[in-house]
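Topology and contacts: notes
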Amino acid sequence: MRVLKTIGELRDYRGGLKGSVGLVPTMGFLHEGHLSLVRRSIIECDHTVVSIFVNPTQFGPAEDFNNYPRDTERDLGLLESAGANAVFLPGVEEMYAPGADTLVLPGRIADRLEGAVRPGHFKGVATVVLKLFNLAQPHRAYFGQKDAQQVAVIRKMVADLNVPVEVVVMPTVREADGLAMSSRNSYLTTEERQAATVLYRSLRLAEDLIAAGERDPVIVRQRMIDLINTEPLASIDYVSVADASSLEELTFVAKPALISLAVRIGRTRLIDNIILS
Ligand code: PAF
């Protein structure tokens, strides 16, 4: 497995590849969710490049950029065992040369949900993802469904800016009790880890209500909120029942619907979603 630290090294490596290339963009501290993307890329593509870069431009000033979990040695071991061909591991100054101030401005799809609570977040995501696409020139790029709005923003960017890449989305990988895998789960204390199951429990409640015929999103949201509020360590950022493509809140539950939520468990902010399709 090649470890590429500079843009020049990545360009040289990419220039020598024949056949299809899969890119798995990550911020490291890898878990099974990331590895499921890597494995899919290995099945579908001749070469799999994984990027590990904790991207400062997608973190707000009061967010956890400095504390974001990092363990490069462990990540490299996992990727080597999974069979990735190359890892792109740039520093911040390599990705953002001094004076670089051109950003990708996503459209309205980035204004709701996460975008409303984390202004500028998707501008940073879209910018770094487009840079990674330009550098690695992948045929396919792999993302997890857990970041549903990120997927929607990237798909829209790819369509609007005519980026020649196929976006492949893989299902959320969950712990045995339903908690969606996330690098940020490592922040949780034992008590918080237990409390964090309330996110998936509330999603399952919504799914059950809708399966039983409930079509009023106000009722679905309220039942989810009531359940989450039974957990003393939880505080809600948002609970949403939206159209899965536009991300606009529904007035009547029709499929496909994206049920999503962001909840703080103690000081850790977690997101999760399901799509009813
Ligand atoms: O999902 C992530 O880990 C990040 O948002 C991404 C896509 C690697 C961009 O920094």
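So, a few notes on the structure that sits alongside this text. Note that the structure is predicted; figures quoted are calculated from it, not measured.

The rules we used
Residues numbered from 1 in each chain as written. Predicted model: local features only at pLDDT ≥ 70, side-chain atom pairs only at ≥ 80, totals over all residues. Heavy atoms only, no water. Pairing = 2+ DSSP bridges. Helix = DSSP H or I, 4+ residues; strand = E, 2+ residues; numbered from the N terminus. Axes fitted to C-alpha atoms, helices over the stretch in contact; angles between N-to-C directions. Contact = heavy atoms within 4.5 Å. Near = heavy atom within 4 Å. Polar contact = N/O pair within 3.5 Å; in protein donor to acceptor, adjacent residues only side chain to side chain. Areas by Shrake-Rupley, 256 points an atom, 1.4 Å probe, with all protein chains shown as cover. Parallel < 35°, antiparallel > 145°, perpendicular 65-115°, else oblique. Nonpolar A, V, L, I, M, F, W, Y, C, P; charged D, E, K, R; others polar. Salt bridge = Lys/Arg side-chain N within 4 Å of Asp/Glu carboxyl O. Buried < 20%, exposed > 50% of the residue type's maximum accessible area, 1.4 Å probe, protein only. Phe/Tyr/Trp six-rings, centres within 6.5 Å; stacked < 30°, edge-to-face > 60°.

**A closer look at the sheet that holds strand 8 (residues 257–265)**
As a general point, the strands of a sheet are linked pairwise by backbone hydrogen bonds and lie either parallel or antiparallel. One open sheet accounts for 3 strands, arranged 7-8-9; its pairing is antiparallel. Only two strands of the sheet have a single neighbouring strand rather than two, namely strand 7 (234–243) and strand 9 (268–276). Here the average twist between neighbouring strands, direction ignored, is 10 degrees. Note that strand 7 and strand 8 share 9 bridges and pair antiparallel. Bridging from a neighbouring strand, Tyr238 pairs with Ala262 of strand 8. Each of strand 7 and strand 8 is contacted by helix 10 (residues 217–229), which is oriented at about 160 degrees to strand 7, the strand it contacts most.

**Quick word on the site of the ligand**
As a matter of local geometry, the ligand sits amid Pro25, Thr26, Met27, Asn55, Gln58, Val128, Val129, Phe143, Asp147 and Gln150. Here an oxygen atom of the ligand and a side-chain polar atom of Gln58 are 2.6 Å apart. If the ligand stood free it would expose 290 Å²; the protein chains cover 89% of that surface. Elements represented by at least two residues in the shell around the ligand include exactly strand 2 (21–26) and helix 6 (121–136).

**Brief notes about the packing of helix 1 (residues 7–15) against helix 6**
Put simply, helix 1 and helix 6 touch, their axes get as near as 9 Å, and they point 45 degrees apart. Regarding the angle of helix 1 to helix 6, the classification is oblique. Contact residues: Ile7, Leu10, Arg11 and Arg14 in helix 1; Asn134, Leu135 and Ala136 in helix 6. Classifying every residue of the contact of helix 1 with helix 6 by side-chain character gives 4 nonpolar, 1 polar and 2 charged.

**Here we look at the sheet that holds strand 6 (residues 166–170)**
Strand order in this open sheet of 6 strands is 1-4-3-2-5-6, and the pairing throughout is parallel. Edge strands, defined here as strands with exactly one partner in the open sheet, are strand 1 (2–4) and strand 6. Put simply, the sheet's adjacent strands are angled 25 degrees from each other on average, direction ignored. Across 3 bridges, the pairing between strand 1 and strand 4 (residues 86–88) is parallel. Across the sheet, the residue bridging to Val3 is Val87, located in strand 4. Packing of helix 1 onto the sheet brings it into contact with strand 1, strand 2, strand 3 (47–52) and strand 4, and relative to strand 1 it is tilted by some 135 degrees. In this fold helix 6 packs onto strand 2, strand 3, strand 4 and strand 5 (140–144), with an angle of close to 150 degrees to the strand it touches most, strand 2.

**Points about the pattern of salt bridges**
Scanning the model with the defined rule gives 15 salt bridges in all. Between Arg39 and Glu32 there is a salt bridge; the shortest N-O distance is 3.1 Å. Here Glu32 falls in the partly exposed class, since its relative accessible area comes to 33%. Between Glu114 and Arg269 there is a salt bridge, with the nearest N and O atoms lying 2.9 Å from each other. Placement of the pair is Glu114 in helix 5 (residues 113–117) and Arg269 in strand 9, with a sequence separation of 155 residues.

**Quick look at the packing of aromatic side chains**
Evaluation of the coordinates by the stated rule reveals 4 aromatic pairs. Both rings, one in Phe53 and one in Tyr96, keep their centres 6.2 Å apart while their planes meet at 40 degrees; by these two values the pair is tilted. With Phe53 in the loop between strand 3 and helix 3 (72–82) and Tyr96 in the loop between helix 4 (92–95) and helix 5, this residue pair connects regions lying 43 residues apart in the sequence. With respect to burial, Phe53 and Tyr96 carry one shared label: buried. Seen in terms of ring centroids, Phe59 and Phe65 are 5.4 Å apart; in terms of plane orientation they differ by 70 degrees. Their pairing is edge-to-face. When its relative accessible area of 10% is taken as the criterion, Phe59 is described as buried. An aromatic cluster of three or more residues is present, and its members are Phe59, Phe65 and Tyr68.

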